[in-house]
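Coordinate analysis (summary)
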Amino acid sequence: MKNILLLEDLPEIRRWLKALVLQVFPDSTIVEAARVHDALEQISAVKFDLALVDLGLPDGSGVDVVAALREQQPEAQSVVVTIHDDDDHLFPALQAGAFGYLLKEQARELIAEQLNRMSQGEPPLSPSIARRVIAHFASHSRRQARPQNMPAVALTERENEVLLRVAKGFTLPEIGVQLSLSRHTIADYVKQIYRKLNVSSRAEAALEAQRLGLFRR
């Protein structure tokens, strides 16, 4: 990581989060912002590799920052760090382009571990959030059909196996063990699957898995 945007309005939380980020990405430059307006100005002026975004801010929602970063700097990744674990906050953030969603109530060591896994291509998701995403898409898997005008995506059988496990919330090492492949090989499969499906998050991948009927296997 090089440039990291840290959007958090509470100084105390911003301090410990900054220290944690520098622990995980020690060579990074942290750009701090306390308001949506300030973060949007920074996005227009600085090229970021990662943004850690709170949602409830004095002048609006961090979802707007996630969306702006995805539009203006699509190669950058956004990770929400928030206290909100409900659907009304989670799914708009994921739909706006958030790559991960972490809860502040987690132990800091767990947050650090999940951020560190980003180098392996793993979206950082708090366990309860991963379960919520999986349950949401699983509950819709039998009620939503793939639109007739949406072209089929040609995935290999192995890619379907990996995609289904990604959608179910397994980590890359866990998928590697299940399929007797290395974590790096699984990471390569995930990158290829995301490219073919034109998705950028685990939530979007889960939706595609549902549309492809993989949950019914």
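Residues numbered from 1 in each chain as written. Predicted model: local features only at pLDDT ≥ 70, side-chain atom pairs only at ≥ 80, totals over all residues. Heavy atoms only, no water.

**Some points on the packing of helix H8 (residues 172–179) against helix H9 (residues 183–197)**
Selection rule: A fitted line through C-alpha atoms serves as each axis, taken over the contacting stretch for helices, and the angle formed by two N-to-C directions is quoted from 0 to 180°. Here a strand is any run of E in DSSP of at least two residues, a helix any run of H or I of at least four, and the numbering for each starts at the N terminus. By definition in this entry, angles of less than 35 degrees are roughly parallel, angles greater than 145 are roughly antiparallel, angles of 65 to 115 are roughly perpendicular, and the rest are oblique. We call two residues in contact when some of their heavy atoms are within 4.5 Å. Each residue receives one of three labels: charged for Asp, Glu, Lys and Arg, nonpolar for Ala, Val, Leu, Ile, Met, Phe, Trp, Tyr, Cys and Pro, and polar for the others, Gly being one of them.
Where H8 meets H9, the closest approach of the two axes is 8 Å, and the angle between their N-to-C directions is 105°. Here H9 runs roughly perpendicular to H8, going by the angle between their axes. Together, Leu 172, Pro 173, Ile 175, Gly 176 and Leu 179 of H8 and Arg 183, Ile 186, Ala 187 and Val 190 of H9 make up the contact between the two elements. Looking at the contact of H8 with H9, its residues break down into seven nonpolar, one polar and one charged.

**Things to note about the side chain of Arg 14**
Where we set the bar: Under this definition, polar contacts are N or O atom pairs within 3.5 Å; protein pairs additionally need one hydrogen-donor-capable and one acceptor-capable atom, and for neighbouring residues in sequence, both atoms have to be side-chain atoms.
Tracing the backbone shows Arg 14 in helix H1 (residues 11–24). Within polar-contact distance, the side chain of Arg 14 engages the side chain of Glu 32 at 3.0 Å. With near-sequence residues (within four places) excluded, Arg 14 lies in contact with Leu 6, Glu 8, Asp 9, Glu 32, Ala 33 and Ala 34.

**What to know about the packing of helix H7 (residues 157–167) against H8**
So the rule is basically this: Should the near helix be turned anticlockwise from the far one by less than a right angle, the crossing is termed left-handed; should it be turned clockwise, right-handed.
At a closest axis distance of 10 Å, the pairing of H7 and H8 adopts a crossing angle of 135°. Considered as vectors, H7 and H8 are oriented oblique to each other. Along this stretch, H7 crosses H8, giving a crossing that reads as right-handed. Residues Arg 158, Glu 161, Val 162, Arg 165 and Val 166 of H7 pack against Ile 175, Gln 178 and Leu 179 of H8. Residue composition of the contact of H7 with H8, by class: four nonpolar, one polar and three charged.

**Digging into the layout of surface pockets**
Heads up, the rule is: Cavities and pockets were defined on a 1 Å grid built from protein atoms only: a cavity is a group of points that admits a 1.4 Å probe but offers it no way out, a pocket is an open group of points flanked by protein on both sides within 12 Å along at least five of seven lines, and a lining residue is one with an atom within 4 Å of any such point. Grid points are joined across faces, edges and corners, and a volume is the space filled by probe spheres set on the points.
In this model, the largest pocket occupies a volume close to 290 Å³. If you trace the largest pocket, you find 16 residues lining it, with Arg 117, Leu 125, Ala 130, Gly 169 and Thr 171 closest to the centre. Those elements that place two or more of their residues in the lining of the largest pocket are helix H5 (108–116) and helix H6 (127–140). At four residues, the largest contribution of residues to the lining of the largest pocket is made by H6.

**Topic: H8**
The condition that has to hold: Exposure is judged per residue with a 1.4 Å probe applied to protein chains only, and the accessible area is read against the type maximum: over 50% gives exposed, under 20% gives buried, and values in between give partly exposed. Working definition: the arc comes from the directions between the helix axis and the C-beta atoms, pointing outward to the latter.
Buried within H8 are the following residues: Leu 172, Ile 175, Gly 176 and Leu 179. Axial view of H8: buried residues confined to an arc of 105°, hence all on one face. Its buried side turned inward, H8 meets H7 and H9. At the C-terminal side of H8, Ser 180 shows a positive phi close to 60°.

**Let's talk about the environment of Leu 22**
Mapped onto the elements of the fold, Leu 22 is located in helix H1. The partly exposed category is assigned to Leu 22, whose relative accessible area is 31%. When the C-alpha positions of Leu 22 and Ile 4 are compared, they lie 9.8 Å apart, and in sequence the two are 18 residues distant. Other than its neighbours up to four places away in sequence, Leu 22 contacts Ser 28 and Ile 30.

**Regarding the confidence of the model for the protein chain**
Applied cut-off: Confidence of the predictor in every single residue is expressed as pLDDT, which spans 0 to 100.
Taken as a whole, the protein chain shows an average pLDDT of 85; of its residues, 89% reach a score of 70 or greater. Between the elements of the protein chain, mean pLDDT differs from a low of 69, seen in H6, to a high of 97, seen in strand S1 (residues 3–7). Across residues 141–150 the pLDDT falls below 50, and counting only partners more than four positions away or on other chains, this stretch makes twelve contacts in the model.

**Overview of the sheet that holds strand S7 (residues 100–103)**
Definition in use: Strands are labelled as partners when DSSP assigns at least two bridges between them.
The parallel open sheet is built from five strands, whose spatial order is S2-S1-S3-S6-S7. The open sheet has two edge strands, strand S2 (29–33) and S7, and neither has a second partner. Ignoring strand direction, the axes of neighbouring strands in this sheet form an average angle of 20°. Bridging between S1 and S2 involves five bridges; their strand directions are parallel.

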